[in-house]
Amino acid sequence: MALSTNLSPDKQREMLRQMLTIRRFEERASADYLAGKIYGVVHCYIGEEAVAVGVCTALGGNDRIISTHRGHGHCIAKGADLNRMMAELYGRQTGYCKGKGGSMHIADFGIGMLGANGIVAGGISIVTGAGLAAQMEGKGGVAVSFFGDGASNAGPFHECLNIAAAWKLPMIYVCENNMYAAQTAAAQTHALPDVAARAAGYGIPGIVVDGNDVFAVHQAASGAVDRARSGGGPTLIECKTYRWRAHTERKGQPDPRDQAEVEAWKRKDPIALLERQLRDQGELDDPGLRAIEGGVMSALEAAVAFAEASPFPLPEQATDDVFAA
Ligand SMILES: Cc1ncc(C[n+]2csc(CCOP(=O)(O)OP(=O)(O)O)c2C)c(N)n1
Ligand SMILES: [Mg+2]
């Protein structure tokens, strides 16, 4: 179990609140999607919450992140507004993209969240540009790329790690290795079991962490942030984790993975682990947990009510904000 001594008890409980928010938000998004209230595609992050929260807890307001098609967790961990997120999923005018983008197009530049991205590995290049921008700004900002094990086999991963290492960009590359790219097992497509081992090819540190232990993730991210801020260049952190749900939400979609494997990973629930860690340290009791859960549920209900009360975009707004077609 990773140590958590550099985080105050309040901060640790805040991490639990954020992880619970991600989970409850997606449980609701999944149910509402299957009920036909949410449009587009929804990819759930449930089971991987410790990665987004562990990394984002190590960041400051001046730091930027980029996400993937599985982006709700990163948005919430970076401080995105739940109302505007839910409204976007519901396709309403008050959403982050005025209801025209959906789950995979949530960005909030004001909080340093540069966007989810439906193009696998596409975000890696964009956020490496943000790393270059941070270096040129000279204000000590860092940029973080979240991406999957599948994305680590695509060209942008290699191109960006190379140039970021050569230019010592203040970057942190966070591979969320959930062992599958859609239906394909990483074991079939990766020559080496650890993505982190590839860091050696670019002369940067490559670290493997238990992606279900939020303190382990936070510790690795904090070290990488220090290194990036002090001009040491990028770090690759591989978080070993697992998604609990199928690749996307879809009625009746069979999950081709071995169900015994899924159940085994559910027993390594990152939220239950954090609860145990907090209880063991005497920093959480039943009333404390109920209060956190209560706060999360009220914020979620408020977000759903906000979304449901918001208007859909009007037909005459269809081409507003479209810059190219
Ligand atoms: C360039 C590109 N190729 C293929 C796809 C279709 N696709 C969507 S998600 C996905 C798998 C991505 O796997 P991984 O990077 O491991 O992320 P995970 O879904 O496991 O979080 C694929 C192939 C896409 N969206 N973009
Ligand atoms: Mg994956």
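A brief look at the structure comes next. (Residues numbered from 1 in each chain as written. Chains lettered and ligands numbered in written order. Predicted model: local features only at pLDDT ≥ 70, side-chain atom pairs only at ≥ 80, totals over all residues. Heavy atoms only, no water.)

One open sheet holds the 5 strands; their spatial order is β1-β2-β3-β7-β6, and the pairing between them is parallel. With one partner strand each, in any of the chains shown, β1 (64-66) and β6 (206-210) form the two edges of the open sheet. Pairs of neighbouring strands in the sheet enclose a mean axial angle of 20°, with direction left out of account. Most of the contacts of helix α2 (residues 49-56) go to strand β2 (residues 143-148), to which it runs at about 170°, and overall it touches β1, β2, β3 (171-177) and β7 (235-240). Here helix α5 (residues 122-137) sits on the sheet in contact with β1, β2 and β3, set at roughly 170° to β1. (Pairing = 2+ DSSP bridges. Helix = DSSP H or I, 4+ residues; strand = E, 2+ residues; numbered from the N terminus. Axes fitted to C-alpha atoms, helices over the stretch in contact; angles between N-to-C directions. Contact = heavy atoms within 4.5 Å.)

Right, let's talk about the side chain of Thr-68 for a bit. Its location among the elements puts Thr-68 in the loop between β1 and α3 (72-77). Setting aside its immediate chain neighbours within four residues, Thr-68 contacts His-74, Ala-116, Asn-117, Phe-146 and Phe-147.

The tally for this structure, following the rule as stated, stands at 18 salt bridges. The salt bridge involving Lys-37 is made with Glu-308; its shortest N-O contact spans 3.7 Å. Pair noted here: Lys-37 is in the loop between α1 (9-34) and α2 and Glu-308 is in helix α11 (residues 286-309), with a separation of 271 residues, a long-range link. Judged by its relative accessible area of 34%, Lys-37 falls in the partly exposed class. Exposure remark for Glu-308: the relative accessible area of 41% places this residue in the partly exposed category. A network of salt bridges, in which partner residues are shared, links Arg-23, Glu-49 and Asp-269. (Salt bridge = Lys/Arg side-chain N within 4 Å of Asp/Glu carboxyl O. Buried < 20%, exposed > 50% of the residue type's maximum accessible area, 1.4 Å probe, protein only.)

Turning our eyes to something else, we now look at the environment of Ala-303. Mapped onto the fold, Ala-303 is located in helix α11. On a C-alpha basis, the gap between Ala-303 and Leu-284 in space is 27 Å, while along the polypeptide they are 19 residues apart. Apart from residues lying up to four places away in sequence, Ala-303 is in contact with Leu-82, Asn-83 and Met-86.

With that settled, the discussion passes to unusual backbone geometry. A positive phi angle, close to 55°, is found at Ala-182, a residue other than glycine. As for its placement among the helices and strands, Ala-182 is situated in the loop between β4 (180-181) and β5 (184-185). With relative accessibility at 28%, the residue Ala-182 sits in the partly exposed group. Here the phi dihedral of Asp-321 falls at roughly 65°; this positive angle occurs in a residue that is not glycine. By the secondary structure assignment, Asp-321 is in the segment after α11. For Asp-321, a relative accessible area of 45% translates into the label partly exposed.

This brings us to the site of ligand 1. In the neighbourhood of ligand 1, 14 residues make up the surrounding shell, with His-69, Arg-70, Gly-118, Gly-150 and Asn-178 lying closest. At 2.8 Å, a side-chain N or O of Arg-70 approaches an oxygen atom of ligand 1. Protein contact buries 68% of the 590 Å² of open area that ligand 1 shows by itself. Of the residues belonging to the shell around ligand 1, the class tally is 6 nonpolar, 6 polar and 2 charged. (Near = heavy atom within 4 Å. Polar contact = N/O pair within 3.5 Å; in protein donor to acceptor, adjacent residues only side chain to side chain. Areas by Shrake-Rupley, 256 points an atom, 1.4 Å probe, with all protein chains shown as cover. Nonpolar A, V, L, I, M, F, W, Y, C, P; charged D, E, K, R; others polar.)

Just distances and angles here, no functional claims.
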